[in-house]
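Survey of secondary and tertiary structure
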Amino acid sequence: MDASMINKIQKASAYASEPGRATFSSFSLRFQGNNNVYTIELDDGGWSCTCPGFQRYGICPHIMALESIFKPLLKRKPLPYAPGQNIVSDVKKAKRYTQERDRIQLHSFACSFEGYNKTHFITYADGNWTSTAAFFAQRGVCSHTMALEKILKDWVAPVRVGALP
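First, a word on scope: everything that follows refers to the structure included in this document. Worth saying up front: this structure is predicted, and the values here are computed from it rather than measured. (Residues numbered from 1 in each chain as written. Predicted model: local features only at pLDDT ≥ 70, side-chain atom pairs only at ≥ 80, totals over all residues. Heavy atoms only, no water.)

Regarding the overall build of the protein
Of regular secondary structure, the protein possesses seven helices and six strands. Helices and strands appear in the protein in the N-to-C order α-β-β-β-α-α-α-α-β-β-β-α-α. Judged by the C-alpha coordinates and their principal axes, the protein covers about 60 × 25 × 25 Å. Counting over 165 residues, the protein shows a buried share of 44%. Restricting the contact set of the protein to residue pairs at least 6 apart, pairs at least 24 apart contribute 56%. Surface exposure of the protein reaches about 8900 Å², of which carbon and sulfur atoms provide 51%. Here the protein carries 20 positive and 13 negative side-chain charges, and the mean point of each set is 4 Å from the other. (Helix = DSSP H or I, 4+ residues; strand = E, 2+ residues; numbered from the N terminus. Buried < 20%, exposed > 50% of the residue type's maximum accessible area, 1.4 Å probe, protein only. Contact = heavy atoms within 4.5 Å. Areas by Shrake-Rupley, 256 points an atom, 1.4 Å probe, with all protein chains shown as cover. Lys, Arg positive; Asp, Glu negative; His and termini not counted. Charge placed at Lys NZ, Arg CZ, Asp CG, Glu CD.)

Side note on the nonpolar core
Counting residues in hydrophobic clusters, the biggest one holds 49 residues, and the most contacted among them are Phe 27, Phe 70, Phe 109 and Leu 152. Aside from chain neighbours lying at most four places away, what touches Phe 109 is Phe 24, Ser 26, Phe 27, Ile 122, Thr 123, Tyr 124, Trp 129, Leu 148, Leu 152 and Val 156. (Core = buried A, V, L, I, M, F, W, Y, C linked by side-chain atoms within 4.5 Å.)

Some remarks on the pairing of strand β3 (residues 46–49)
Bridge count between strand β2 (residues 37–43) and β3: four bridges; the pairing is antiparallel. Each residue of the ladder has a partner; that of Leu 42, found in β3, is Trp 47. (Pairing = 2+ DSSP bridges.)

What to know about the pattern of salt bridges
Within this structure, the stated rule accounts for four salt bridges. Notably, a salt bridge pairs Arg 103 with Glu 100, separated by 2.6 Å at the nearest N-O pair. For Arg 103, a relative accessible area of 14% puts it in the buried group. One salt-bridge network, held together by shared partners, links Arg 96, Glu 100 and Arg 103. (Salt bridge = Lys/Arg side-chain N within 4 Å of Asp/Glu carboxyl O.)

Focus: helix α5 (residues 87–99)
In a regular helix each residue adds 1.5 Å, so 13 residues correspond to 18 Å; α5 covers 19 Å between its end C-alpha atoms and thus fits that length. All of the buried residues along α5 are Asp 90, Ala 94, Tyr 97 and Thr 98. Looking straight down α5, one finds that the buried residues subtend no more than 100° of arc, so they occupy a single side. Away from the buried face of α5 by more than 90 degrees, exposed residues Val 88, Lys 92, Lys 95 and Gln 99 are located. Summarising the contacts, the buried residues of α5 are in contact with β1 (22–32) and α3 (61–69). (Expected span 1.5 Å × (residues − 1). Arc of directions from axis to C-beta.)

Here it is in structure tokens:
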């Protein structure tokens, strides 16, 4: 391992301690609810979830949990509670879901990442990473992708150090 890679690994550790440097612009994931598996997406149009609660109220415990888990990466206000929604039950369920993170399978995301010198754009789709960082173009990995790997832990495939994109 050369000095430039060691530097990127050290920078990634520093970046990972500041998850607010990254901002999701979109993502898609599977969420294992109590009764079914749901697809949840976030994009410029807002949130969507395939669960009946979201279809009825425009908010659900799955999204409430994700708003809590991904709060530093979202930079948006939480969805408001809806008239007729069972708020007590949904808040309780969402709180439990935040502790049961193995319910989440992240398939893809796009985000901006505020580096020390520049903002970079990162994408992830089913184990494949991209980054606008020059180091990524050379090595298939950069401090930004390594930091996101640390932040998102078991929800993403590991960045392959030294692999070309």
